[in-house]
Amino acid sequence: MRVVFFGFQTWGVKTLQALIDLGHDVPMVVTHPTSTDSYKAIFSDSVEELAQAHGIPVHLTMRADHETIDLVKRSEPDVIVVNSWYTRMTDELYDLPPYGTLNLHDSLLPKGTGFSPVIWSLISGEAQIGLTVHRMDEDLDTGDILVQHSLPIGPHDTGTELVERGIALIPGALKEAFAALESGNPQWRPQNKATRTYFHKRSERDSLIDWTWPAEDLERLVRALSAPYPPAFTLYNGERIEVLAAKVSEIRYGGTPGRVIVQEGGGAVVCGPNAYRGGNLGLVITRLRTADGVEHSGAEFFRRGGYLTSEA
């Protein structure tokens, strides 16, 4: 098929490479300029460089403007494929090609619409992540589903590991989607919008630890924000402390939320919500990084106890 591709970062590179490997004709690639934004600079393999290496014309833009639409029309695609595109597409493009516009979204839609769905899925305690190939319409991530592949979330998985496994699903999902289109009888499945969940773009504020959360949720937050993502952080004596590794305590503790009270299993225990009742598990911080970039074990760093807070 003749495919115009819109994409960015490693997700886009994996998708474009799969289209090339599957033997499709890609007359044009649309991608964003390189960015130093904290999340756009992560998994930042270049779609532009891959396209150029294969002699595919590249259009750099931040949005699907009139020039972009005109170039797509001239390319006469059978289908448009989108993965990791940061700005809203345009209604004019959705139904322009005979097979419409397919988006690859790294969640099991209708759950996890929006942004950073793998990270949010781990934080929120979902049992699995996935990849959905769906037809784009006027709303965000709401179009009919063509293909879905899922992966379990293990008890020790990090956000980085899950993102990498999700990216690895792209070639197989694309192959299945194109086979369905080429069959002449693709089975589209409408989304049940009553079960839809939406997550906003992540910012630095979303990595700040809230000590009123249960320890189980905080442990997932720390795992979700594994390198190269901006790590979970808190404040200790007014200084920023990045929490790099943590686990849930084996016994229950009492006291005040955010209080570093004792050592357990190679780390320092921090009280969580309703700690005054003495019935909650704590978060054991085992590894951290201070503002000077030096890493420390939790047990050694917190020998004097103290309080961790969400504000100076």
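Below or above, wherever it landed, is the structure these notes cover. (Residues numbered from 1 in each chain as written. Predicted model: local features only at pLDDT ≥ 70, side-chain atom pairs only at ≥ 80, totals over all residues. Heavy atoms only, no water.)

1. Quick word on the packing of helix α1 (residues 9–21) against helix α7 (residues 170–182)
Move 1: Two elements in contact, α1 and α7, have axes whose closest approach is 9 Å; the angle formed by their N-to-C orientations is 45°. Classified by the angle between their axes, α1 and α7 sit oblique to one another. Of the two elements, α1 crosses α7, and the hand of that crossing is right-handed. Two secondary-structure elements touch here, α1 through Trp-11, Lys-14, Thr-15, Ala-18 and Leu-19 and α7 through Ile-170, Pro-171, Leu-174 and Phe-178. (Axes fitted to C-alpha atoms, helices over the stretch in contact; angles between N-to-C directions. Helix = DSSP H or I, 4+ residues; strand = E, 2+ residues; numbered from the N terminus. Parallel < 35°, antiparallel > 145°, perpendicular 65-115°, else oblique. Left-handed = near helix turned anticlockwise from the far one by under 90°. Contact = heavy atoms within 4.5 Å.)

2. Notes on the packing of aromatic side chains
To describe a pair of aromatic rings, you give the distance between the ring centres and the angle between the ring planes.
Move 1: In the structure shown here, the tally under the stated rule is nine aromatic pairs.
Move 2: Between Phe-6 and Trp-85, the ring centres sit 5.2 Å apart and the planes meet at 85°, which makes this aromatic pair edge-to-face. Pair noted here: Phe-6 is in strand β1 (residues 2–7) and Trp-85 is in the loop between β4 (79–83) and α4 (91–94), with a separation of 79 residues, a long-range link. One exposure class covers both Phe-6 and Trp-85, and it is buried.
Move 3: Where Phe-115 meets Tyr-198, the ring centres are 6.5 Å apart and the plane angle is 90°; that geometry is what we call edge-to-face. Placement of the pair is Phe-115 in the loop between β6 (113–114) and α5 (117–123) and Tyr-198 in strand β9 (residues 198–199), with a sequence separation of 83 residues.
Move 4: Judged by its relative accessible area of 44%, Tyr-198 falls in the partly exposed class.
Move 5: An aromatic cluster is built from Trp-11, Phe-43 and Tyr-229, whose rings are joined through pairwise contacts.
Move 6: One Lys or Arg, Arg-135, reaches over the ring of Trp-188 and ends 5.9 Å from the middle of that ring.
Move 7: Looking at Arg-240, its charged tip hangs above the ring of Phe-233, at a distance of 3.8 Å from the centre. (Phe/Tyr/Trp six-rings, centres within 6.5 Å; stacked < 30°, edge-to-face > 60°. Buried < 20%, exposed > 50% of the residue type's maximum accessible area, 1.4 Å probe, protein only. Lys NZ or Arg CZ within 6 Å of the ring centre and 35° of its normal.)

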